[in-house]
Amino acid sequence: MLKGTGYLDHDSEADVAIRNGLAAKAEELEAKAANPFIFDLTIPKNNWRIRMYGALDMVALALAEHPSADDWHTMAEGIIQSTLDYQIASENEGGFAEGPYYMAYSADIYYPHLMAYQRVMGESPPWTHQVQTLFDWGIKIRLPDGQRPNI
């Protein structure tokens, strides 16, 4: 996140180290996603997949000049979209397969990612509808005693 702000532009050594570290991690995630057996075995369709590939897309946005940035962005968008499609119980009703607490936990990454995406790309990501459906569901959900979960 700092890399994308220009905060480290005055320190070229730190800038290069951070840029290289982010690119190395992005390449590692890209390699995992390229192998369906490893990808499905090590990264189930849950909040961790949303967290990891939301972070990957933030790296792609921050390192937009990197030769693989477009590939990282496209891959992350597709993975996030398919994971949200898998996690949401119904497009009309909302619902999150792991429950409201993990929905909020995933939001630690997808919400800053959504904000960064809108700021850099000038538009909402294609998975905005799923996130809105989840938040609408989170407002409507009630526990057996009528209270809302502590999200």
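As a starting point, this report considers the structure included with it. (Residues numbered from 1 in each chain as written. Predicted model: local features only at pLDDT ≥ 70, side-chain atom pairs only at ≥ 80, totals over all residues. Heavy atoms only, no water.)

**Description of the overall build of the protein**
And then number 1: From N to C terminus, the protein includes seven helices and two strands.
And then number 2: By the burial criterion, 40% of the 151 residues in the protein qualify as buried.
And then number 3: Residue pairs in contact within the protein that sit at least 24 positions apart in sequence constitute 61% of those at least 6 positions apart.
And then number 4: Accessible surface computed for the protein: about 8,700 Å², of which carbon and sulfur atoms make up 56%. (Helix = DSSP H or I, 4+ residues; strand = E, 2+ residues; numbered from the N terminus. Buried < 20%, exposed > 50% of the residue type's maximum accessible area, 1.4 Å probe, protein only. Contact = heavy atoms within 4.5 Å. Areas by Shrake-Rupley, 256 points an atom, 1.4 Å probe, with all protein chains shown as cover.)

**Considering the packing of helix 4 (residues 47-62) against helix 5 (residues 69-87)**
And then number 1: Closest axis-to-axis distance for the helix 4/helix 5 pair is 8 Å, and the angle between their directions is 155°. Between helix 4 and helix 5, the crossing angle belongs to the class labelled roughly antiparallel. The handedness of the crossing between helix 4 and helix 5 comes out as left-handed. Together, Arg-49, Ile-50, Tyr-53, Gly-54, Leu-56, Asp-57, Val-59, Ala-60 and Leu-61 of helix 4 and Ala-69, Trp-72, His-73, Met-75, Ala-76, Glu-77, Ile-79, Ile-80, Thr-83 and Leu-84 of helix 5 make up the contact between the two elements. (Axes fitted to C-alpha atoms, helices over the stretch in contact; angles between N-to-C directions. Parallel < 35°, antiparallel > 145°, perpendicular 65-115°, else oblique. Left-handed = near helix turned anticlockwise from the far one by under 90°.)

**Structural notes on the side chain of His-113**
And then number 1: Secondary-structure assignment places His-113 in helix 6 (residues 100-121).
And then number 2: Residue class for His-113 comes out buried when judged on its relative accessible area of 0%.
And then number 3: Apart from residues lying up to four places away in sequence, His-113 is in contact with Gly-54, Asp-57, Met-58, Ile-80 and Trp-127.

**A word on the pattern of salt bridges**
And then number 1: Inspection of every chain in the model, using the stated rule, returns four salt bridges.
And then number 2: When salt bridges that share partners are traced, they join Asp-15, Arg-19 and Glu-65 into one network. (Salt bridge = Lys/Arg side-chain N within 4 Å of Asp/Glu carboxyl O.)

**Overview of helix 6**
And then number 1: Remark: the principal bend of helix 6, roughly 45°, maps to Ala-107.
And then number 2: The complete set of buried residues in helix 6 reads Pro-100, Met-103, Ser-106, Ala-107, Ile-109, Tyr-110, His-113, Leu-114 and Tyr-117.
And then number 3: Gly-122 sits one or two residues past helix 6 and shows a positive phi near 75°. (Bend = angle between axes of the 7 residues up to and from the residue.)

**A short note on helix 7 (residues 128-140)**
And then number 1: Look at helix 7: 19 Å from first C-alpha to last across 13 residues, which is about the 18 Å you get at 1.5 Å a residue.
And then number 2: Those residues of helix 7 that fall on the buried side of the exposure criterion are Gln-130, Val-131, Thr-133, Leu-134, Trp-137 and Gly-138. Buried residues along helix 7 cover an arc of 160° about the axis, so they all sit on one side. Opposite the buried face of helix 7, at more than 90 degrees from it, the exposed residues are Ile-139 and Lys-140. (Expected span 1.5 Å × (residues − 1). Arc of directions from axis to C-beta.)

**Remarks on the nonpolar core**
And then number 1: Membership of the largest hydrophobic core comes to 28 residues, with the highest contact counts inside it found for Tyr-53, Leu-56, Trp-72, Leu-84, Tyr-110, Trp-127 and Leu-134.
And then number 2: For this core, the secondary-structure elements that each account for two or more residues are helix 2 (12-34), helix 4, helix 5, helix 6 and helix 7.
And then number 3: With six residues, the top contributor of residues to this core is helix 5.
And then number 4: The residues contacting Leu-84, other than those within four sequence positions of it, are Ile-50, Trp-127, Gln-130, Val-131 and Leu-134. (Core = buried A, V, L, I, M, F, W, Y, C linked by side-chain atoms within 4.5 Å.)

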